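Residue-level structural notes
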Amino acid sequence: MSLRSFGRRALAFMATAGVGLLVVWSFATRSHSVSELSEAQVRLAKNQPQQALDIARQILTANPEMSAAVLVVAQSQRALGQYEAAIESLSQLSNEDPLAADARFAEGDIFLFNLRRLAPAEKRFRQALAVSPDRVDCHERLAYLYGLQARYWDQVPHRLSQIASGDFTTLELFSLALASNALENPELIMEYARADPNDPSNRVAAARIEMELDAYDSAEGRLRRVLERWPERHDARARLGQILVARNASSEELAEWQQAVPLNCANYPPLWYALALSHLHRSDSPSAIRCLWETLRLNPEHPRATYQLGQSLVGLGMERQAEAFLNLSRSLEAYVSACEVAHHLNEPSHLLSAAKLAEELGLPREAWGWAKLALQRSAQSPDALAIVTRSEARLAELDSVRMLPDHNPALTVDLSDLVPQTASSPSATGQRVQQARLNATVSFQDDAANAGLNFVYFNAGQPEQGLVYMYEVVGGGVGVLDYDRDGWPDMVFPQGAPWPLQPDQQASLDRLFRNRGDGRFVDVTSQACLFENGFSQ
């Protein structure tokens, strides 16, 4: 063997040995990093975020591409209150990374719960779902986020996905049933608005609360600022239209708002409903009917739109077309009441009642959900099992909506020949009715004391602080019932209470008044053995 040949073989051997040593070193390093990663995760679980952060950073020094270590770094930074740093760490993982969905979800959580910025939180959760469409935690977060903003229509598909996963309670089902009537915690929403007043979603959420409190000028200002910068925010535009109607805006203002509604909003029912309200405000029933019909074609469970469409059709002498919508309105009202009872009592019979009403309404996912919960409490219920079976057979017909098409009257009653007018050119009929309203004199007289209805609601608030907590806003309401079955409607007034609750207080109690049949009422609270000294509604 020549010296040159020997040298070449020696070099080849050394190269092969070097590669082998490199593979062994890489494997050993990787194994060591995995062991260290486990240690970092243990430290994090033991609420030792600084130690977890130090270990994770050491891992990344040796293995910069280890995505799991990046997640631990971000989780540790979040636990230490370093929220912006955690966002920056997570941004290192692109949407093509194997752990992209985890990274985007973690970013969304930080924006939602720590930085309290709803718009970027929504963006991150949507990115996570684009990578992993079946992530139940993302659907749950988006449903919560949309609930804060009262964006019921956007919330529906995520609530349905959460229920379909089996990870749900009565709360999710009740929230769906409440639809646009649901109102999240006002003080929490205003905290979001104060945390980042420039976030467009925070502004929209705060405007909803201010609208409920009749603070129209402030709410309108928030929404106009949102639309100046983000004109694509259909939710803000719909809310603005509702505020204009609520504050009795002029025809010119309504015309300006209507003309700014973009053509690409045809599939967004809240805007159709806001348009309907603007036409109802002008007494233009034909235009309002068309917009209500468009609302219900997309969102047939809208509680107010179903009733308003039925009543508007009756007003135009279209009783036959109105019947289906008024029946649906009554059924929806009964369903919401059943869901409320089922949610609060969580008993098999009430859960089953909600399931039956949901099935009658053509809401198979909700019928399935209520029936499943009934089976958890009473496994041998044949009625609940039958509802589950029938509902599962029809779930494939749904496409991220609640109601089956064959149960939606707006898809069978054709009102397309009614063409909406613009606010700048109201119909002659609308003009006459509007003038009649302006000329009419309406007056009310407080006759409660003469009728024997002596009751003052106590909301536990401090007048000098204004409205702070949700229970100070909603009031107790009133119940009308014939408790003694004498044919005359009696009245029960739910009462508030001091906060924190005082179990022995008797100053603020619910009151029951019996109708004597002569226009007067008598307080029979004690005789009826009614004693309730907590917050009632």
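Check the entry above for the structure.
Residues numbered from 1 in each chain as written. Predicted model: local features only at pLDDT ≥ 70, side-chain atom pairs only at ≥ 80, totals over all residues. Heavy atoms only, no water.

**A word on the layout of surface pockets**
Under the convention used in this document: Here a cavity denotes a set of grid points, spaced 1 Å apart and computed over the protein atoms alone, in which a 1.4 Å probe fits but from which it cannot get out, and a pocket denotes an open set meeting protein on both sides within 12 Å along at least five of seven lines; residues with an atom within 4 Å of a point are reported as lining. Grid points are joined across faces, edges and corners, and a volume is the space filled by probe spheres set on the points. The numbering of helices and of strands both runs from the N terminus, where a helix is a DSSP run of H or I of at least 4 residues and a strand a run of E of at least 2. Note on residue categories: nonpolar means Ala, Val, Leu, Ile, Met, Phe, Trp, Tyr, Cys or Pro, charged means Asp, Glu, Lys or Arg, and polar means any other residue, Gly included.
The space that makes up the second largest pocket amounts to roughly 640 Å³. Along the walls of the second largest pocket sit 36 residues, with Ser180, Arg208, Arg239, Gln242 and Arg304 positioned nearest its centre. With five residues, helix H13 (residues 234–246) is the single largest residue contributor to the lining of the second largest pocket. Among the residues forming the lining of the second largest pocket, the class breakdown is 17 nonpolar, ten polar and nine charged.

**Things to note about the sheet that holds strand S2 (residues 490–493)**
Under the convention used in this document: Paired strands, as defined in this entry, are two strands with at least two bridges between them according to DSSP. Note on geometry: axes are C-alpha line fits, over the in-contact stretch for helices, and angles between N-to-C directions span 0 to 180 degrees.
Pairing is antiparallel across the open sheet formed by four strands, whose spatial order is S1-S2-S3-S4. Each edge of the open sheet is held by one strand with a lone partner, namely strand S1 (479–481) and strand S4 (521–523). Direction aside, neighbouring strands of the sheet carry axes that sit 25 degrees apart on average.

**Some thoughts on the pairing of S2**
Note that S1 and S2 share three bridges and pair antiparallel. Across the sheet, residue Gly479 finds its bridge partner in S2, namely Val492. Across three bridges, S2 lies against strand S3 (residues 511–515) in antiparallel orientation. Bridge pairing in S3 places Val492 opposite Leu512.

**As for empty space enclosed by the protein**
Using the criterion set out here, one finds two cavities of 30 Å³ or more in the structure. Space inside the largest cavity adds up to approximately 60 Å³. As for the largest cavity, its lining consists of Ala177, Leu178, Ala179, Asn181, Glu301, Pro303, Leu332, Tyr335, Val336 and Arg402. If you list the elements that add at least two residues to the lining of the largest cavity, you get helix H9 (170–178) and helix H18 (319–345). For the lining of the largest cavity, the element with the most residues is H18, which contributes three residues. For the lining of the largest cavity, the per-class residue count stands at seven nonpolar, one polar and two charged. A volume near 40 Å³ is recorded for the second largest cavity. The wall of the second largest cavity is formed by Tyr152, Trp153, Val156, Leu298, Asn299, Glu301, Val401 and Arg402.

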